[in-house]
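# Observations on the model geometry
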Amino acid sequence: MSKKHFISLPIQLFLSAVIAWLLATLLPLPSNITQTTAFQLLMLTKTTYIGLLKMVVGAVVMFSLLQGITSLGSTLRLKTLGYKAVLFYSFTSLIAITLGLGSSLALPAWPQLIDTASVSVGENVQLIDNTAASGGAIAEKLFNMALANPFSALTNTNLLAIVVFSLLFGVALLTSLPTKHPVFEVISGVNSALNRFVSGIIRFAPIAVFAIVFEFTATSGSAIFGQLAQFALLVFVLTLIHGGVVLPVIAKLATGIKFSTLFKALSAPMAMAFATSSSSATLPLSMQTAENELGVSQSTSSMVLPLGAIMNMDGTALFEGVAAIFLAQLYGVDLGTSGLIMIFIMAMVSSIGAPGMPSGSMSGMQLVLLAAGIPLEAIAILLIIERPLDTFRTAVNVEGDIIAAYVVDKWQRS
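Residues numbered from 1 in each chain as written. Predicted model: local features only at pLDDT ≥ 70, side-chain atom pairs only at ≥ 80, totals over all residues. Heavy atoms only, no water.

## Structural notes on the overall build of the chain
Along the backbone of the chain there are 16 helices and zero strands. Within the chain, buried positions represent 50% of all 414 residues. For the chain, the share of sequence-separated contacts (at least 6 apart) that also reach a separation of at least 24 residues comes to 83%. Accessible area for the chain stands at about 18300 Å²; split by element, carbon and sulfur atoms hold 67% of it. (Helix = DSSP H or I, 4+ residues; strand = E, 2+ residues; numbered from the N terminus. Buried < 20%, exposed > 50% of the residue type's maximum accessible area, 1.4 Å probe, protein only. Contact = heavy atoms within 4.5 Å. Areas by Shrake-Rupley, 256 points an atom, 1.4 Å probe, with all protein chains shown as cover.)

## Looking at the confidence of the model for the chain
Counting all residues, the mean pLDDT for the chain is 76, and 79% of those residues have values of 70 or more. Mean pLDDT values for the elements of the chain range from 64 in helix α4 (residues 135-146) up to 88 in helix α9 (residues 223-255). Below a pLDDT of 50 lies the segment residues 1-5, which in the model reaches one contact outside its immediate sequence neighbourhood of four places, other chains included. (pLDDT = per-residue confidence, 0-100.)

## Quick notes on the packing of aromatic side chains
Counted under the stated rule, the structure contains eight aromatic pairs. Measuring from ring centre to ring centre gives 6.5 Å for F88 and Y89, while their planes differ by 70°; the resulting arrangement is edge-to-face. You'll find F88 and Y89 in the same group, each marked buried. Their ring planes at 70° and their centres at 6.3 Å tell us that F88 and W411 sit as a pair that is edge-to-face. (Phe/Tyr/Trp six-rings, centres within 6.5 Å; stacked < 30°, edge-to-face > 60°.)

## Concerning the UniProt feature "transmembrane region" (unreviewed entry) in the chain
Annotation from UniProt places "transmembrane region" (unreviewed entry) at residues 7-29, 49-66, 86-110, 159-177, 197-216, 228-250 and 364-385. In this annotation, residues 197-216 is assigned 90% helix and 0% strand; the end-to-end C-alpha distance for the span is 28 Å. The span residues 228-250 shows a helical share of 100% and a strand share of 0%, and its end C-alpha atoms are spaced 31 Å apart. (UniProt positions renumbered as here; feature names shortened; annotations may be inferred.)

## Points about the nonpolar core
In this structure, Y49, F231, F319, L327, I343, M365 and I374 are the most contacted members of the largest nonpolar core, which totals 83 residues. Among the elements that take part in this core, helix α2 (residues 37-70) stands out by supplying 13 residues, more than any other. Apart from residues no more than four positions distant in its own chain, L327 is found in contact with L369, I374, A378 and L382. In this structure, V246, L262, M287 and V408 belong to the second largest nonpolar core, which totals 32 residues. (Core = buried A, V, L, I, M, F, W, Y, C linked by side-chain atoms within 4.5 Å.)

## Digging into the packing of helix α13 (residues 314-330) against helix α16 (residues 378-413)
Across the interface, α13 lies against α16 with an axial gap of 9 Å and an inter-helix angle of 155°. Judged by the angle between their axes, α13 and α16 are roughly antiparallel. The handedness of the crossing between α13 and α16 comes out as right-handed. Residue-level inspection shows D314, G315, T316, F319, A323, L327 and L330 of α13 in contact with α16, the latter providing A378, I381, L382, E386, L389, R393, V396 and N397. Of the residues in the contact of α13 with α16, the class split is nine nonpolar, three polar and three charged. (Axes fitted to C-alpha atoms, helices over the stretch in contact; angles between N-to-C directions. Parallel < 35°, antiparallel > 145°, perpendicular 65-115°, else oblique. Left-handed = near helix turned anticlockwise from the far one by under 90°. Nonpolar A, V, L, I, M, F, W, Y, C, P; charged D, E, K, R; others polar.)

## Observations concerning α13
Taking 1.5 Å of rise per residue, 17 residues should cover 24 Å, and α13 covers 24 Å from first to last C-alpha, within 8% of that figure. Burial within α13 is extensive, with 17 of its 17 residues counted as buried. G332 sits one or two positions beyond α13 and adopts a positive phi of about 70°. (Expected span 1.5 Å × (residues − 1).)

## Remarks on the side chain of S16
Among the secondary structure elements, S16 is positioned in helix α1 (residues 9-26). The exposure class of S16 is buried, given its relative accessible area of 13%. Of note is the side chain of S16, whose polar atom sits 3.4 Å from the backbone oxygen of P206. The contact partners of S16, leaving out residues within four places of it in the chain, are P206, V209 and F210. (Polar contact = N/O pair within 3.5 Å; in protein donor to acceptor, adjacent residues only side chain to side chain.)

Spelled out as structure tokens, the structure:
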């Protein structure tokens, strides 16, 4: 089939959702639709898709983080510069997540459209007990869950333990092995294979989206599309606020740069990030812009910007926080204080490990959903409108990278 006849995945997902909605709306469905053989076979396709995602999510999180950490081997020699960059990235990500969660909770709750009692979320999904919301109880359970046997964690999908083990083991590898050690190549190879595996699974997403939208519409009406539109609008507005107000103000306060000068310099790399939805693909232009347009030293840009392509995902962190609240309310999941804390922590952690590629945040989104006890199948709902939103948040991610390089370079010279 020639490329001009190929229908992109976002279009496939959209068409699947529309066709499912039309069929569920126009066909004379029986009142006991959920008990029919045809419906149950359709739901089997959804179960298969979600099962494949669950099969690979633990390994994907582990090796993505290991590769992200071990790839920093050449930059860790500049400890002072790295510390300042990480501090800046953590600060802006903290603001992004707070903006997303705070705005979502301040607005009226989205109505519940499906009963989680009919959804299998697994025995080991909820990492902490919502009834134990005191600070001490939360800390104790977090530590108990985090400091678990990594093999047991993979078996039980204890993603918090997987993340902690990956971070500690990655640091141990960096400090004990030479930069070109074969172990790093093995990690990179396994991670590439896992990404290919996930890409293959995602090809079946249109079928899963069809099944899920049909189920939603047949049992709850067509309200899901209105809720998705509101969600997309909220994410867009919050991303615009973070990229158009928060980050420029931080740059202004830290360096005194004029807004006009900043936005003129950022226009080209942000446009490329918007077009490619890949912070990694935009990295060469980002480095050129930082050095030639903003006067950032080559030593700073060569470290801070590659580091940012790995761990600075403000737009992704904001999206994941809002999406978790949206899906929890959609499925009627009572998060409580501990659930919100888990979303906050996991959105922070997963945004660091998100690959700088189109729709790379979906792997991290699994981490957030599982940690908060939200059914993993909810990811298929996000895929309907995720791709357009990805373009905007990738542009904000790249903007944050370049501003970080500029601010850190100023700190180094002061």
